[in-house]
Amino acid sequence: NGIYVISGTGKVYNNMVNNLSAFKVGIINGINTESVGILDVYNNFITDMFAPNATNAATAITGINILSGTTLNVSHNTIDFGSASTTSTNTASFGMSGINWVGGALNLRNNIINVQGIATGTGTIVAVRRSTAGTAGVKPTGFQANNNIYYVNPGANNYLYAEGVLNFPSGS
């Protein structure tokens, strides 16, 4: 993890998180939050993360990983996984997420999320992922998103938004 926030309330801002590597079978998170109250994450730049031996089909590389919290305000961040070295793997199952959200209210505003990669096996490339499954066509409770720019390269198993552990896109 580049930045790890556990419990309490606070702010994570004006950081550059780049050039993180995990060469064993592991995962990488630019910013990882867990058990927080109200957390503001803003004006961060997350790029150049490498996990060539990772085997996680959903979150081998994640820009902002939100494991739990009450209210998370994520705004004015740039997550850029666009270089070939960031998005390649040597394993049979690989996936990436710009933002992975497990629980709590998420206010996602004015972010640029560029996730380019090639999913392998059951892996997916997703700009915004909610790890828990919801109801197809229904916005998750506590989720607000405005004025964000999302990009994933066109291809099989690449989505702007996906929900659930089976990596199916919302609305399927």
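Rules used throughout
- Residues numbered from 1 in each chain as written.
- Predicted model: local features only at pLDDT ≥ 70, side-chain atom pairs only at ≥ 80, totals over all residues.
- Heavy atoms only, no water.
- Helix = DSSP H or I, 4+ residues; strand = E, 2+ residues; numbered from the N terminus.
- Rg over C-alpha atoms; globule rule 2.2 N^0.38 Å.
- Buried < 20%, exposed > 50% of the residue type's maximum accessible area, 1.4 Å probe, protein only.
- Contact = heavy atoms within 4.5 Å.
- Areas by Shrake-Rupley, 256 points an atom, 1.4 Å probe, with all protein chains shown as cover.
- Lys, Arg positive; Asp, Glu negative; His and termini not counted.
- Charge placed at Lys NZ, Arg CZ, Asp CG, Glu CD.
- Pairing = 2+ DSSP bridges.
- Axes fitted to C-alpha atoms, helices over the stretch in contact; angles between N-to-C directions.
- pLDDT = per-residue confidence, 0-100.
- Core = buried A, V, L, I, M, F, W, Y, C linked by side-chain atoms within 4.5 Å.
- Polar contact = N/O pair within 3.5 Å; in protein donor to acceptor, adjacent residues only side chain to side chain.

A count of helices and strands for the protein gives 0 helices and 15 strands. A compact globule built from 172 residues would reach a C-alpha radius of gyration of about 16 Å, and the protein, at 14 Å, matches this within 12%. Dimensions of the protein along its principal axes, counting C-alpha atoms only, are 40 × 35 × 25 Å. Considering the protein as a whole, with its 172 residues, one finds that 47% of them fall into the buried category. Considering only intrachain contacts with a sequence separation of at least 6, the fraction spanning at least 24 residues in the protein is 80%. Accessible surface, the protein: about 7600 Å² in total, of which carbon and sulfur atoms supply 55%. Distance between charge centres in the protein, computed from 6 positive and 5 negative side chains, equals 6 Å.

Here the focus is the sheet that holds strand β10 (residues 112-115). Strand order in this open sheet of 5 strands is β2-β4-β7-β10-β13, and the pairing throughout is parallel. Only two strands of the sheet have a single partner each, and these edge strands are β2 (16-21) and β13 (149-152). Across the sheet, the mean angle separating the axes of adjacent strands is 10° when strand polarity is ignored. Looking at chain direction, β10 and β13 are connected through 4 bridges and run parallel. The residue of β13 that forms the bridge with Val115 is Val152.

Looking now at the confidence of the model for the protein. If pLDDT is low for a region, its predicted coordinates should not be looked at in detail. Of all residues in the protein, 91% have pLDDT values of 70 or greater, and the mean over the chain is 86. Here residues 167-172 is modelled with pLDDT under 50, and outside its nearest four sequence neighbours on either side it reaches 18 contacts, counting other chains as well.

One finds Ile46, Ile64, Ile66, Val74, Phe81, Ile99 and Leu106 to be the most contacted residues of the largest nonpolar core, which totals 35 residues. The leading source of residues in this core is strand β3 (residues 28-42), at 5 residues.

Another point: the side chain of Thr124. Looking at where Thr124 falls in the secondary structure, it is placed in the loop between β10 and β11 (125-130). A polar side-chain atom of Thr124 sits 2.6 Å from a polar atom in the side chain of Arg129.

For the rest of this paragraph, the subject is the environment of Asn65. The topology assignment puts Asn65 in strand β5 (residues 61-66). Residues Asn65 and Gly82 lie 17 residues apart in sequence; the distance between their C-alpha atoms is 18 Å. Here Asn65 is in contact with Asn29, Ile31, Asn32, Thr33 and Asn100, once residues within four sequence places are set aside.

This brings us to the pairing of β5. When you tally the buried positions in β5, you get 6 out of 6 residues, the bulk of the element. Inspection of the sheet shows β3 paired to β5 by 5 bridges, in the parallel sense. Its bridge partner lying in β5, Thr33 is registered against Ile66. Examined bridge by bridge, β5 and strand β8 (residues 96-101) share 5 bridges and lie parallel to one another. Following the sheet pairing, Thr62 is matched in β8 by Ser97.

What follows covers unusual backbone geometry. A positive phi angle is found at Ser35, which is not glycine, with a value near 55°. Assignment of secondary structure puts Ser35 in strand β3. We note that Asn110 has phi near 55°; this positive angle belongs to a residue other than glycine.

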